[in-house]
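# Fold and contact review
In case you want the letters, here they are:
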Amino acid sequence: MSRAETAVPRELGEVRTPSPLWTFGLLRSELVTTFRRWRTLALLAVLAAVPVLVGIAVKIETSDGSSAGPGRGGGGGGPAFIAQITNNGLFLVFTALAATLPFFLPMAIGVVAGDAIAGEANAGTLRYLLVAPAGRTRLLLTKYATVLAFCLVATLVVAASALAVGAVLFPLGDLTTISGTRISFADGLGRALLIALVVAASLIGIAALGLFISTLTNSGIAAMATTVGLLISVQILDQIPQLHALQPYFFSHYWLSFADLMRDPVYWDDLTKNLGLQALYAAVFGSAAWARFTARDITA
Amino acid sequence: MDEASAPEPDRAEPGDSVIATHALTKRYRGGQLAVDGLDLTVPAGSVFGFLGPNGSGKTTTIRMLMGLIEPTSGTARVLGRPMPRSSRAVLPHVGALIEGPALYGFLSGRDNLIRYDAADPTADPRTRRARVAAALERVGLMAAAGKKARAYSLGMKQRLGLAAALLQPRRLLVLDEPTNGLDPQGMREIRSLVRELASDGTTVFLSSHLLDEIEQVCTHAAVMAQGRLITQGAVSDLAAGARGRLVVTTPDAGEAARVLKEQGAADVVVAEDRVTAEPPDRDLAEVNAALVTAGVRVRGFGVERASLEDAFVALTGEGFDVAG
């Protein structure tokens, strides 16, 4: 990084010109601060524990040689792909993501996004960041980037934990897609990674929504609770058939479309709809958060 | 808000003031008028005491000066630039402690400062550790630098907040109640730190509700009450506004009071062996001679300087610790 000068600035206008890379310095500080928080680590630990529980449950249930999933004991069927785990541990990755995407993952995002601005306001640290001066737009962008990084890390934690548990408890090898074709294990790993990325991208919408809510209040807890509450409400409304005209606009409506990546050839329709919808949420609520945060009186 | 720190030449600052507000007003959304037509001028190089009871609008004013709150009307210029529009050019030159320190409890004292320094676009990351260490040293917090801020006492938090304001050389320091939560020893240290910074040429804007604190360190002061500015000026002028009182200590109080009245002293008050009065407009040596000639046995004779508190009471007609 090149520096214009390091001399003590005495006159206004003689300030060291900030390097364009400065924003990344702020981002790094933000990432370090977020991931050193005990709460963040606890959320990741809970997410990592889900595949372990699913893996062990499937192992115990099938230890008598029978297969898990639909057709056994009249159960509801469980998350997608659960029946195939015993044949191939890689399917635990898909199952774990399908199990955490409706609630655990977005809840974790809601907590981190809701706390982003409101938590700093609550602690009073927001005013000191702003008089530093971090700049409101930059601070908001940095916060959003950090929440997105958390989306990716959280998803990868679930996937990695599932892969590890799957490898330990079950055999690995070539696998059968939903369409019935066989693909190699390496190809399957690639698709697992792709699915993790799509799942992480599915969380962009709620991340933007949470950040917007976070700019509305000075209470971190209130922002988190509101975001998670909205998540639950939307999930419930998405189940009510009378609302089918609205449902395509719910951020969670196409979440489970990631399973289409396991078709051969891949069925892209719902996947693109999902990504488009997430981009729309990011644009709408990102702008709303910006409009609110840059015009707001910081009284906390 | 994002005006670049481009080399727009410094405008000539009227009277070389570091802070200048004109008719600065803030009405909160509830309709409450927090600051009402404030015309404040802080001369460069001064230690400026900003006085007022709790709720008098001091903090709202400071937040407007720091670009945290948008004024309802009026203008504020800091270091010659309009706020909050020039925040990005002005604030790197300003160190601030606003309404007490705010820290990340799960980070160590040192990491808190590193975090705040990273938020300053003009701070050089290569010198960050050294500057953080120097700031910790300056407020006497080096020994506790590695401790989590959560475990800090109020006084230590206050010191860490001050350290954050001192991470870079500043032209202006805005310190809102800097001695809150400190023991007398800590208060003394902060005062000597403020004097030291001022002697380096930094303008210090110090808000407080402690009159003697202002009187001890400030060269200039302004008094606010109920959102309005009551007075501002050099501390010596303010105190001179309320005249000192002549004090005579004597066992012959009654006789002394009679002589003083004779000599033209007004408002004579007798309290046991102490007689006080407004000094007459003549040489006090003659007044003393007259007392002795009249056979008054004088133990003590002198003028007690008016304190800022006297000035404040004279200005507002009320005690100081009244919440607005």
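Here the residue numbering is sequential within each chain, running from 1 through the sequence in written order. Think of it this way: whatever chain is written first is A, whatever ligand is written first is 1, and the rest follow in order. Only residues with pLDDT of 70 or above have their local features reported here, since the model is predicted, and side-chain atom pairs are shown and tallied only from 80 upward, although totals for entire chains, interfaces and linings are computed over all residues.

### Considering the overall build of chain A
Along its length, chain A carries 10 helices and two strands. Strands are runs of DSSP state E lasting at least 2 residues, helices are runs of H or I lasting at least 4, and numbering of each runs from the N terminus. Starting at the N terminus and walking to the C terminus, you meet the elements of chain A as α-α-α-α-α-α-β-β-α-α-α-α. Within chain A, the fraction of its 300 residues that count as buried is 44%. When contacts within chain A are restricted to residue pairs at least 6 apart in sequence, long-range pairs at least 24 apart make up 74% of them. Exposure classification rests on a simple neighbour count of other C-beta atoms within 10 Å of a residue's own: a residue reaching 20 or more is buried, one at 12 or fewer is exposed, and one in between is partly exposed. C-beta atoms are placed from the backbone. Whether two residues are in contact is decided by their C-beta atoms, placed from the backbone, lying within 7 Å.

### Notes on the nonpolar core
Nonpolar side chains in soluble globular proteins tend to end up buried together. Here, a nonpolar core denotes buried Ala, Val, Leu, Ile, Met, Phe, Trp, Tyr and Cys residues that are linked to one another through C-beta atoms within 7 Å. Of all hydrophobic cores here, the largest spans 162 residues; its most connected members are Leu97(A), Ile109(A), Val147(A) and Ala207(A). Counting residues per element, this core draws most heavily on helix α6 (residues 136–169) of chain A, at 14 residues. The contact partners of Leu97(A), leaving out residues within four places of it in the chain, are Val158(A), Ala159(A), Ile195(A), Ala196(A) and Val199(A). Core analysis: the next-biggest nonpolar cluster, separate from the first, contains 12 residues, Ala256(B), Val259(B), Ala265(B) and Val275(B) among them.

### Focus on the pairing of strand β15 (residues 300–304) of chain B
Residues and elements named next belong to chain B. Of all the five residues making up β15, zero are buried; the element is thus mostly uncovered. The rule for pairing is simple: two strands pair if DSSP sees at least two bridges between them. Direction of pairing for strand β12 (residues 245–249) relative to β15: antiparallel, over a ladder of five bridges. Pairing of Thr249 across the sheet is with Gly300, part of β15.

### Quick notes on the pairing of strand β5 (residues 73–78) of chain B
All names here are of chain B. By the bridge criterion, five bridges tie strand β1 (residues 17–27) to β5 in an arrangement that is antiparallel. Residue pairing for β5: Ile19 is matched across the bridge by Val78. The pairing of β5 with strand β6 (residues 81–83) spans three bridges and is classified as antiparallel. When the bridges of β6 are listed, Arg77 appears paired with Pro82. As consecutive antiparallel partners, β5 and β6 are separated by two residues, and within that stretch Leu79 has a phi angle of approximately 55°, a positive value.

### A short note on the sheet that holds strand β14 (residues 274–278) of chain B
All names here are of chain B. Taken in spatial order, the four strands make up an open sheet running β13-β14-β12-β15, and their pairing is antiparallel. Of all strands in the sheet, those with a lone pairing partner are β13 (266–271) and β15, marking the two edges. Pairs of neighbouring strands in the sheet enclose a mean axial angle of 20°, with direction left out of account. Angles run from 0 to 180 degrees between N-to-C directions of axes, and those axes are lines fitted to C-alpha atoms, restricted for helices to the stretch in contact.

### Details of helix α5 (residues 154–165) of chain B
Because each turn of an α-helix spans 3.6 residues, side chains separated by three or four positions in sequence point in the same direction. In a helix, the anticipated span is given by 1.5 Å times the number of residues less one. Given a rise of 1.5 Å per residue, 12 residues ought to cover 16 Å, and the 17 Å separating the end C-alpha atoms of α5(B) matches this to within 8%. In terms of burial, α5(B) is a largely internal element, 10 of the 12 residues being buried. Looking at α5(B), one finds that the buried residues are Met156(B), Lys157(B), Gln158(B), Arg159(B), Leu160(B), Gly161(B), Leu162(B), Ala163(B), Ala164(B) and Ala165(B). Tucked into the core, α5(B) has its buried residues touching α5 (125–131) of chain A together with β7 (94–97), α3 (109–118), α4 (128–138) and β8 (172–176) of chain B.

### What about the packing of helix α4 (residues 104–123) of chain A against helix α9 (residues 220–237) of chain A?
Residue and element names in this part refer to chain A. Taken N-terminus to C-terminus, the directions of α4 and α9 make an angle of 155°; their axes are 7 Å apart at the nearest point. One finds that α4 runs roughly antiparallel with respect to α9. For the pair α4 and α9, the sense of crossing is right-handed. Residues Pro106, Met107, Gly110, Val111, Ala113, Gly114, Asp115, Ala118, Gly119 and Asn122 of α4 touch α9, and the partners they reach there are Gly220, Ala222, Ala223, Met224, Thr226, Thr227, Val228 and Leu231. Under this grouping Gly is polar, as are all residues other than the nonpolar Ala, Val, Leu, Ile, Met, Phe, Trp, Tyr, Cys and Pro and the charged Asp, Glu, Lys and Arg. When the residues that make up the contact of α4 with α9 are grouped by side-chain class, the tally is 10 nonpolar, seven polar and one charged. Every angle not falling under 35 degrees, over 145, or within 65 to 115 is termed oblique; those three ranges are roughly parallel, roughly antiparallel and roughly perpendicular. Handedness of a crossing is defined here by the sense of rotation of the near helix relative to the far one, left-handed for an anticlockwise turn of less than a right angle and right-handed for a clockwise turn.

### Looking at helix α1 (residues 22–35) of chain A
The end-to-end C-alpha separation of α1(A) is 20 Å, in line with the 20 Å expected for 14 residues at 1.5 Å each. Residues Trp22(A), Gly25(A), Leu26(A), Ser29(A), Glu30(A) and Thr33(A) constitute the buried set of α1(A). Buried residues of α1(A) fall within an arc of 140° about the axis and therefore sit on the same side. Tucked into the core, α1(A) has its buried residues touching α6 of chain A together with α3 of chain B. Comment: arc refers to directions from the helix axis out to C-beta atoms.

### Focus: the packing of helix α8 (residues 204–216) of chain A against α9(A)
All names here are of chain A. With their axes 9 Å apart at the nearest point, α8 and α9 run at an angle of 140° to one another. With respect to the hand of their crossing, α8 and α9 are arranged in right-handed fashion. From α8, Ile206, Leu209, Gly210, Ile213 and Ser214 reach across to α9, where they touch Ala223, Thr226, Thr227, Leu230 and Leu231. Here the residues of the contact of α8 with α9 sort into six nonpolar, four polar and no charged.

### Observations concerning the confidence of the model for chain B
Atomic detail in the predicted coordinates should be set aside for any region of low pLDDT. Residues and elements named next belong to chain B. Scored from 0 to 100, pLDDT reflects the predictor's confidence in each residue. Scored by pLDDT, chain B comes out at a mean of 84, with 88% of its residues at no less than 70. Low pLDDT, under 50, characterises residues 1–14; the stretch is placed with 26 contacts to residues that sit more than four places away or in other chains. Low pLDDT (under 50) marks residues 320–324, which in the prediction has 14 contacts with non-local residues, meaning those over four places away or in another chain.

### Some points on the environment of Ala295(A)
All names here are of chain A. Assignment of secondary structure puts Ala295 in helix α10 (residues 269–295). On the basis of neighbour counts, which here come to 11 C-beta atoms within 10 Å, the residue Ala295 falls in the exposed class. Separated by 159 residues in sequence, Ala295 and Arg136 have C-alpha atoms that sit 9.3 Å apart.

### Looking at the environment of Ala119(B)
Its place among the elements puts Ala119(B) in the loop between α3 and α4. Along the sequence, Ala119(B) and Leu211(B) sit 92 residues apart, while their C-alpha atoms lie 35 Å from each other. Here Ala119(B) is in contact with Leu26(A), Leu129(A), Ala132(A) and Ala134(A), once residues within four sequence places are set aside.

### Quick word on the confidence of the model for chain A
Residues and elements named next belong to chain A. Mean pLDDT for chain A: 86, with 88% of residues reaching 70 or above. Across chain A, the secondary-structure element scoring lowest on mean pLDDT is strand β1 (residues 175–176), at 83, and the one scoring highest is α8, at 95. Here residues 1–10 is modelled with pLDDT under 50, and outside its nearest four sequence neighbours on either side it reaches 16 contacts, counting other chains as well. Throughout residues 69–76 the model reports pLDDT below 50, and contacts reaching past four residues in sequence, or to other chains, amount to eight contacts.

### What about the sheet that holds β8(B)?
Residues and elements named next belong to chain B. The mixed open sheet is built from six strands, whose spatial order is β7-β8-β9-β4-β10-β11. Lying at the two open borders of the sheet, with one neighbouring strand each, are β7 and β11 (228–234). Ignoring which end each strand starts from, the neighbouring axes of this sheet average 10° apart. As paired elements, strand β4 (residues 47–51) and strand β9 (residues 203–208) share five bridges and run parallel to each other. The residue of β9 that forms the bridge with Leu51 is Ser208. The sheet contacts of helix α1 (residues 58–65) involve β4, β8, β9 and β10 (220–225), and relative to β8 the element is tilted by about 150°. Contacts from helix α6 (residues 184–199) reach β4, β8 and β9, with the element oriented near 150° to β9.

### Section: unusual backbone geometry
Here the amide bond leading from Ala132(A) into Pro133(A) is cis, since omega sits at 5°, within 30 degrees of zero. Counting through the fold element by element, Pro133(A) comes out in the loop between α5 and α6. With an omega of 5°, the peptide bond between Met83(B) and Pro84(B) qualifies as cis. Along the polypeptide, Pro84(B) turns up in the loop between β6 and α2 (87–90). Positive phi values are uncommon outside glycine, yet Glu177(B) reaches one of about 50°. The exposure class of Glu177(B) is buried, given the 20 C-beta atoms found within 10 Å. Even without a glycine there, the phi angle at Glu272(B) is positive, about 50°. Along the chain, Glu272(B) falls in the loop between β13 and β14.

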